Amino acid sequence: MATSRRNFLGLVGGGALAAGLAACGSSGPSSTPGSTAGAAAGSGTTYWFLTGQPQQAIREAQVKRFNDANSGSKIKTTEFQNDAFKAKIKTAIGAGQGPTLIWGWGGGGLKAYVEAGQVEDLTDWFNGQTDLKNSIFPSAFTAATVNGKLYAVPGETVTPIVLFYDKRAFEKIGAEPPQSWGDIMDLVPKFNDKGIAPFSLGGQSRWTNMMWLEFLFDRIGGSEVFQSIYDGKANGWSDPSALKALDEMQKLIKANGFIKGFSSITADSNADQALLYTGKAAMMLHGAWTYGNMKSSGKDFVTGGHLGYMNFPPVDGGKGDPTDTVGNPGQYMSISSKAAQADKDNAKKFISGYTLDDATVDAWVKSGNIPVVKSAKDKLASISDKNDSEWLNFVYDTAANAKNFAQSWDQALSPTQAETLLDNIAKLFQLSISPQKFADNMNAVIGQ
């Protein structure tokens, strides 16, 4: 199975971290020892989550620790493969048969639950969990907040989008990595002249194109541009900074900034990564989850020290903070508003004491992930591989230092808006629509 953004793996391959490479999981629900498959509201404290290692084992261990310490109020779990989970959870919650503990990605999905009155307002309770609250990266809370109130607690891991580059390609043209958007545009003809594609891109997957716009919107107009769109502001996509970002994007495409035929390359096949580590492309904007595959599949690309990486550079004259990042700022846990009070209390006890405890943080780091807590930094010294250590420290610093860690747009927006977005992004990258037409099409679905 190709390591996928959709599984939010952010994994590292090789050595003691090889277990971080993903397992597919089953296609439907399965029970953990002592669990009750299909347990729903009214049958005690229930918790559904995803299969796939190493995440599955870490979640199972959390529940085991809780159940061992709370024999009179155990949590019953049901495990689902990714797509099966997404289908089942919406239906079950809508029918009032969802689990007590609702695992999810925050953003648009959480907002829909809030608007339907299906999840608890956790603001006051969480404000009392001072140690837990202060331990989490502040940037992780945005995707857990709706209308200024907290409806989910951040947990698990961070996976930012990263600008990767091949140090060998830069040596061939005698240039340094880009420090600005202007540098990127200047590098394009230099790489093309040497027969090296400036950027690899799996454009057929559409969400890979989206990552470029996420950064350009932020770097040009600041985080408030997309925030206005998320908040449902009319004509938010027509903000002057948004239109400028769309125009700059098409300038890069027209300048042959991407590998020829990018719109027929898929990310799920990892073909875009292969173009980078085989020297056919100089740079690639992609998720932190790709590091593991590039290490395991790219021969000496990673182990030989040829892989470089950085946060997306600023745009000259832009309003955005260059420490900002985008991607997956965490995963999230909510509590069903339909659950019995005793089960709600049990769920709060689990969240506060077992989801980001020291044993969990240690397990995430050992699996090659950066958990959403500041204490992860102290555990990175135990990583013996130099390349892995440098990489994990970079991911930690990117997440910890981000003034704003924006959630991927297709997760932040409603399903209707997300599908329209991905469709129009594909057209924008194929140069079949103008920036203004893109904005008009997206403005038409704001609030849907």
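Just so it is clear, the structure is predicted and the values come from calculations on it, not from any experiment.

J.: Could you clarify how one ought to interpret helix H18 (residues 415-429) in this entry?
T.: Since the α-helix advances by 3.6 residues per turn, residues separated by three or four positions end up pointing in the same direction. The end-to-end C-alpha distance of H18 is 21 Å, a good match for the 21 Å that 15 residues give at a rise of 1.5 Å each. The secondary structure elements touched by the buried residues of H18 are helix H8 (207-221), helix H10 (240-254), helix H17 (409-412) and helix H19 (435-443).

J.: I would appreciate a short explanation of the packing of aromatic side chains in the present structure.
T.: By convention here, two paired aromatic rings are described through the distance between centres and the angle between planes. As enumerated under the stated definition, the model contains 38 aromatic pairs in all. Ring geometry for Phe85 versus Trp105: centroids 6.2 Å apart, planes at 85°, classification edge-to-face. You can see Phe85 sitting in helix H2 (residues 82-94) and its partner Trp105 sitting in the loop between strand E4 (101-104) and helix H3 (107-115), a full 20 residues away along the chain. By way of ring pairs, the aromatic residues Trp181, Phe199, Trp212, Phe215, Phe258, Phe262, Phe312 and Phe429 are connected into one cluster. Over the ring of Trp105 we find Lys86, and its NZ or CZ is 5.0 Å from the ring centre.

J.: Which parts of the structure should I look at to understand the packing of H8 against H10?
T.: How two helices sit against one another is set out by the angle between their axes and by the gap between those axes. At their nearest, the axes of H8 and H10 sit 9 Å apart, and the two run at 130° to each other. What the angle tells us is that H8 and H10 run oblique. As for how H8 packs across H10, the hand of that crossing is right-handed. Contacts between H8 and H10 involve Trp212, Leu213, Leu216, Phe217, Ile220 and Gly221 from the former and Ser241, Ala242, Lys244, Ala245, Leu246, Glu248, Met249 and Leu252 from the latter.

J.: I would appreciate a short explanation of the side chain of Thr325 in the present structure.
T.: Its place among the elements puts Thr325 in strand E12 (residues 325-328). When its relative accessible area of 0% is taken as the criterion, Thr325 is described as buried.

J.: Is there a simple way to explain the pairing of E12 in this structure?
T.: Looking down a regular strand, the side chains alternate between one sheet face and the other. Pairing of strand E8 (residues 159-166) with E12, which is carried by 2 bridges, proceeds in the antiparallel orientation. Paired with Pro160 across the two strands is Gly327, which belongs to E12. With 3 bridges connecting them, E12 and strand E14 (residues 405-407) associate as parallel partners. By the bridge assignment, Thr325 is partnered in E14 with Phe405.

J.: So what exactly am I meant to see when it comes to the pattern of salt bridges here?
T.: A side chain of one charge can pair with a side chain of the opposite charge if their charged atoms are brought near each other. Counted by the stated rule, this structure contains 20 salt bridges. The shortest N-O distance in the salt bridge between Lys251 and Asp247 comes to 3.8 Å. Of the two residues, Lys251 and Asp247 both sit in helix H10, 4 residues apart, roughly one turn of that helix. The partly exposed category is assigned to Asp247, whose relative accessible area is 34%. Its salt-bridge partner being Asp321, residue Lys403 comes within 3.9 Å of it at the nearest N-O pair. Of the two residues, Lys403 is situated in the loop between helix H16 (386-401) and E14 and Asp321 in the loop between strand E11 (307-310) and E12; the sequence distance between them amounts to 82 residues. Classification of Lys403 as exposed rests on a relative accessible area of 60%. Here Asp321 falls in the partly exposed class, since its relative accessible area comes to 26%. Salt bridges linked by common partners bring Lys244, Asp247, Glu248 and Lys251 together as one network.

So, how was this worked out
In this numbering scheme, every chain counts its residues from 1 along its sequence in written order. The predicted nature of this model means local features are confined to residues of pLDDT at least 70 and side-chain atom pairs, given and counted, to a pLDDT of 80 or more, with totals for whole chains, interfaces and linings taken over all residues. The basis for the side-chain values is all heavy atoms of the structure; hydrogens and waters are excluded. Runs of E in the DSSP output that reach at least two residues are strands. Runs of H or I that reach at least four are helices, and both are numbered from the N terminus. Here a helix's expected span is defined as the number of its residues, less one, multiplied by 1.5 Å. Any two residues having at least one pair of non-hydrogen atoms within 4.5 Å are treated as being in contact. Centres within 6.5 Å are what make two rings of Phe, Tyr or Trp a pair, Trp counting through its six-membered ring; a difference in plane orientation under 30 degrees is then read as stacked, over 60 as edge-to-face, and the rest as tilted. In this analysis the charged atom, NZ for Lys or CZ for Arg, is taken to sit over a ring once it is within 6 Å of the ring centre and within 35 degrees of the ring normal. Only the stretch in contact is used when a helix axis is fitted, and all axes are lines through C-alpha atoms; the angle between N-to-C directions ranges over 0 to 180 degrees. Orientation labels follow simple angle bins: below 35 degrees gives roughly parallel, above 145 gives roughly antiparallel, 65 to 115 gives roughly perpendicular, and whatever is left gives oblique. By definition, turning the near helix anticlockwise from the far helix through less than a right angle yields a left-handed crossing, and turning it clockwise yields a right-handed one. Three labels apply to residues, based on accessible area from a 1.4 Å probe with only protein chains included: buried if under 20% of the type maximum, exposed if over 50%, partly exposed otherwise in between. Strands are labelled as partners when DSSP assigns at least two bridges between them. Any carboxyl oxygen of Asp or Glu that lies within 4 Å of a side-chain nitrogen of Lys or Arg is treated as forming a salt bridge with it.

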